[in-house]
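So you can see what is in the structure, the chains are spelled out below.
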Amino acid sequence: MSAESDKMVLDAKKRKSAFKLNPDKIMRSATEMGFGSKSLELLKRALAVESLGSMPFSLYRAPPIIERAGEGAVIYDADGKEYIDMIAGFSVNNIGYHRREVLDAIIEQFKKISQYAEMLSEVRIKLSELLVKVTPGNYPKKVFYGVTGTDANEITLKLVRFYTGRAYVMTHWADYHGRTSAVSALTSSFSTWAQTYPVPPSDPAIVRFPFPYCYRCPFGLKRDSCGLACLHHVEYMLASSYYGLSSPGKGLTNVAAFLIEPFQSAAGYIIPPDEYLPGIYKIAKERDILFVVDEIQTGWARTGKLWAVNHYPGIEPDIILVSKSIAGGLPCSAVVGRSEIMDSWGPGAFSTTFAGYMLAAASALKTIEIIVSEDLASQADKKGRYFLKGLEELKDRHPILGDVQGKGLYIGLEFVKDEREKTPAAKETEWMASRLLELGMLVKRAGYFRNRFALSPPLNITYQQIDKAIEIFDRAFAEAEQKFNIKKS
Ligand code: PLP
């Protein structure tokens, strides 16, 4: 073998060992973390039959075994240990758990029929009628169903290209849209891309631009004097024919759509400055580029409005992608867009057996009714303000908490080793996620530098549960500061 191929073999080994988990170590961690006997036994069984590549093994030193939900934002594990729920099943359980009306709707539908290919049914047609009403955009709209959020992105990638006859789709660096082979190209994350080895994400016509993560501006600028360099950068990409995207002189562009997350979710709940989304929308509209928002995580009242784009009057996306909390815990996704776009392709252009199936449609109809009639958006707004106040107070006292950002119950926390230098506290954040599990709280670690928590409790969290969350955070932050010697500068 040549030195070169030797090196490739070594690189492949290194890559594998960088990701590889040790089941014995996970069991030891579970014991150290005080898992109960039933959880330990189930974890051992899981490790024997479940792939270590699945998501639960990525969140904590040892994953909890989830048994049931309580009232508000509470989850119990297999041993009956209680956790404050700051994840809501990755922002799926916005209405909380155990809504009797949702169960009744599912049972009633089940008695009739639960699934039949992707055929039309009254319940699905009703859902489509509701979806075109509650989504932003004051123009005729139509719906295309998928099952997962990733499906919705797959459908959209194909659709916007077919409709416009243009190849390129522009998205943010660090957006998350899913992990199938095609959609991975829209999801720029090293760990996601590394797992597709040896074939890189396979869509060459996806072009990325930086998201305005102002706490760590990718252009190294400060918000008060940046002149919105992020928007300028996108304009620049589209202004020069040397980027291959457009030829403004000839009035041509190769860009079908911007397909973006309005706020970055998997990246750690990062909210752009107020001027950004209206600015990027304007850039798209001026160039006849479709504006597509993936509101799979930000939607359904999470941010204190029904949709994140509702925070910016005037933005009317051509297409919106919805999923996650649409159906009270059953899988369902939908692409909702201008009728002209949605009808531009032929029958069976995309298909997956469970798309728009009757059980999910029945559950979604009831879930959306609850979200709208109980005005969960206002509840999220009020509770979010209350939560943020408590977190801001923690920030004043805890040097490890570098930044707190939130809208509604969509809240990102950023941790630093040093307040002034803002050195990312990645190891410390990892430690805190597992420590919080021990202390009785489920949080999701995220972040460009793995130093953020993304907080998305069910929107029916109680004020007492928010107080308790603040108390637990206070304790975990203090312990981390002590353990890692982090002091006020
Ligand atoms: N888009 C966004 C914004 C997401 O947050 C997610 C999942 O977290 C997806 C797409 C993919 O959805 P799913 O995991 O249901 O395929």
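Residues numbered from 1 in each chain as written. Predicted model: local features only at pLDDT ≥ 70, side-chain atom pairs only at ≥ 80, totals over all residues. Heavy atoms only, no water.

Asks: Mind showing me how you'd approach the packing of aromatic side chains here?
Replies: All told, the structure shown has 15 aromatic pairs when counted by the stated rule. Here tyrosine 386 and tyrosine 463 contribute two aromatic rings whose centre-to-centre distance is 5.0 Å and whose plane-to-plane angle is 85°, an arrangement assigned as edge-to-face. Note that tyrosine 386 is positioned in helix α14 (residues 376-397) and tyrosine 463 in helix α16 (residues 463-483), a separation of 77 residues in sequence. Taken together, a centroid distance of 5.3 Å and an interplanar angle of 65° make the contact between phenylalanine 415 and phenylalanine 477 edge-to-face. Placement of the pair is phenylalanine 415 in strand β14 (residues 410-418) and phenylalanine 477 in helix α16, with a sequence separation of 62 residues. What makes phenylalanine 477 buried here is its relative accessible area of 0%. Linked through ring pairs, Phe415, Phe453, Phe473 and Phe477 together constitute an aromatic cluster. Here lysine 444 stacks its cationic end above the ring of phenylalanine 90, 5.0 Å away from the centre of that ring. (Phe/Tyr/Trp six-rings, centres within 6.5 Å; stacked < 30°, edge-to-face > 60°. Helix = DSSP H or I, 4+ residues; strand = E, 2+ residues; numbered from the N terminus. Buried < 20%, exposed > 50% of the residue type's maximum accessible area, 1.4 Å probe, protein only. Lys NZ or Arg CZ within 6 Å of the ring centre and 35° of its normal.)

Asks: How do you make sense of the sheet that holds strand β1 (residues 66-69) when you look at a structure like this?
Replies: Strand pairing in a sheet relies on backbone hydrogen bonds. The paired strands run either parallel or antiparallel. Read across the open sheet, the 4 strands follow the order β1-β2-β3-β16; overall the sheet is mixed. A single partner strand is all that each edge strand has here, and the edge strands are β1 and β16 (441-442). One ladder, built from 2 bridges, connects strand β3 (residues 82-85) with β16; its direction is parallel. Note on β16: the bridge partner recorded for aspartate 85 is leucine 442. Where α16 meets the sheet, its contacts fall on β2 (74-77), β3 and β16, and the angle it forms with β3 comes to roughly 100°. (Pairing = 2+ DSSP bridges. Contact = heavy atoms within 4.5 Å. Axes fitted to C-alpha atoms, helices over the stretch in contact; angles between N-to-C directions.)

Asks: How should I be thinking about the site of the ligand in this particular structure?
Replies: In the vicinity of the ligand, the residues found are Thr148, Gly149, Thr150, Asn153, Tyr176, His177, Glu261, Asp294, Ile296, Gln297 and Lys324. The backbone of tyrosine 176 places a nitrogen or oxygen atom 3.3 Å from a nitrogen atom of the ligand. One of the side-chain nitrogen or oxygen atoms of lysine 324 is found 2.8 Å away from an oxygen atom of the ligand. Protein burial of the ligand: of its 390 Å² of free accessible surface, 82% is covered by the chains. Along the lines of polarity and charge, the residues of the shell around the ligand split into 2 nonpolar, 6 polar and 3 charged. (Near = heavy atom within 4 Å. Polar contact = N/O pair within 3.5 Å; in protein donor to acceptor, adjacent residues only side chain to side chain. Areas by Shrake-Rupley, 256 points an atom, 1.4 Å probe, with all protein chains shown as cover. Nonpolar A, V, L, I, M, F, W, Y, C, P; charged D, E, K, R; others polar.)

Asks: Any chance you could explain the sheet that holds strand β12 (residues 333-338) here in plain terms?
Replies: Ordered in space as β4-β12-β11-β10-β9-β5-β6, the 7 strands form an open sheet in which the pairing is mixed. Of all strands in the sheet, those with a lone pairing partner are β4 (141-146) and β6 (206-209), marking the two edges. Strand-to-strand, the axes of this sheet are offset by a mean angle of 20°, without reference to chain direction. In this structure, strand β9 (residues 255-260) lies alongside strand β10 (residues 290-294), joined through 4 bridges in parallel fashion.

Asks: Help me out: how do you make sense of the pattern of salt bridges in this one?
Replies: A side chain of one charge can pair with a side chain of the opposite charge if their charged atoms are brought near each other. Tallied over the entire structure, the rule returns 28 salt bridges. Salt-bridge contacts for lysine 468 lead to glutamate 82; the nearest nitrogen and oxygen are separated by 3.6 Å. Here the residue lysine 468 occupies a position in helix α16, and glutamate 82 occupies one in strand β3, the gap between them amounting to 386 residues. (Salt bridge = Lys/Arg side-chain N within 4 Å of Asp/Glu carboxyl O.)

Asks: What is the right way to look at the nonpolar core in this model?
Replies: Residues Phe258, Ile280, Phe387, Leu413 and Phe473 are the most contacted members of the largest nonpolar core, which totals 119 residues. The element that contributes the greatest number of residues to this core is helix α13 (residues 358-373), accounting for 9 residues. The residues that make up this core include at least three from each of domain 1 (64-93 + 376-483) and domain 2 (100-373). Here isoleucine 280 is in contact with Phe209, Leu231, Val234, Phe258, Ile260 and Phe291, once residues within four sequence places are set aside. Residues Val292, Val335, Ile341 and Phe350 belong to the second largest nonpolar core, which totals 24 residues. (Core = buried A, V, L, I, M, F, W, Y, C linked by side-chain atoms within 4.5 Å. Domains from an automatic or database assignment.)

Asks: It is not clear to me how a nonpolar patch on the surface should be interpreted in this structure. Could you clarify?
Replies: On the surface, a cluster of nonpolar side chains totalling about 310 Å² of accessible area is made up of Ile113, Tyr116 and Met119. Looking at where isoleucine 113 falls in the secondary structure, it is placed in the loop between α6 (100-112) and α7 (122-134). The class for isoleucine 113 is partly exposed, based on a relative accessible area of 34%. (Patch = residues over 30% accessible without salt bridge, like charges linked within 9 Å, V, L, I, M, F, W, Y side chains within 5 Å.)

Asks: Explain the domain arrangement of the protein chain to me, please; I cannot follow it from the model alone.
Replies: One frequent convention defines the size of an interface as the accessible area lost when the parts assemble. For the protein chain, the assigned domains are domain 1 (64-93 + 376-483) and domain 2 (100-373). Taken together, the 38 residues of domain 1 in the interface contact 32 residues of domain 2. Carbon and sulfur atoms supply 56% of the area buried between domain 1 and domain 2, which totals about 2,700 Å² over both sides. Interface area lost by domain 1 to domain 2 is led by Lys407, Tyr410 and Tyr448, which between them contribute 31%. Remark: the boundary between domain 1 and domain 2 carries 1 salt bridge. Inspection of the domain 1/domain 2 interface yields 19 residue pairs in polar contact (both at pLDDT 80 or more). Every element with two or more residues in the side of domain 1 that touches domain 2 is listed here: α5 (88-91), α14, β13 (401-407), β14, β15 (423-424), β17 (444-446) and β18 (452-455). Its residues assigned to classes, the side of domain 1 that touches domain 2 shows 20 nonpolar, 11 polar and 7 charged. (Buried area = accessible area lost by both parts, 1.4 Å probe.)

Asks: Explain the side chain of threonine 367 to me, please; I cannot follow it from the model alone.
Replies: Looking at the secondary structure, you find threonine 367 in helix α13. The class of threonine 367 is buried, set by a relative accessible area of 0%. Non-local contacts of threonine 367, meaning those with residues more than four positions away in its chain, are made with Ile95, Val102, Ser325, Ile326, Ala327 and Gly328.

Asks: How should I be thinking about the packing of helix α10 (residues 229-239) against helix α11 (residues 276-286) in this particular structure?
Replies: When two helices pack together, their arrangement is given by the angle between the helix axes and by the axis-to-axis distance. One can describe the packing of α10 onto α11 by two numbers: an axis separation of 10 Å at closest approach and a directional angle of 10°. What the angle tells us is that α10 and α11 run roughly parallel. Where α10 abuts α11, its residues Cys230, Leu231, Val234, Glu235 and Leu238 lie against Tyr276, Gly279, Ile280 and Ile283. (Parallel < 35°, antiparallel > 145°, perpendicular 65-115°, else oblique.)

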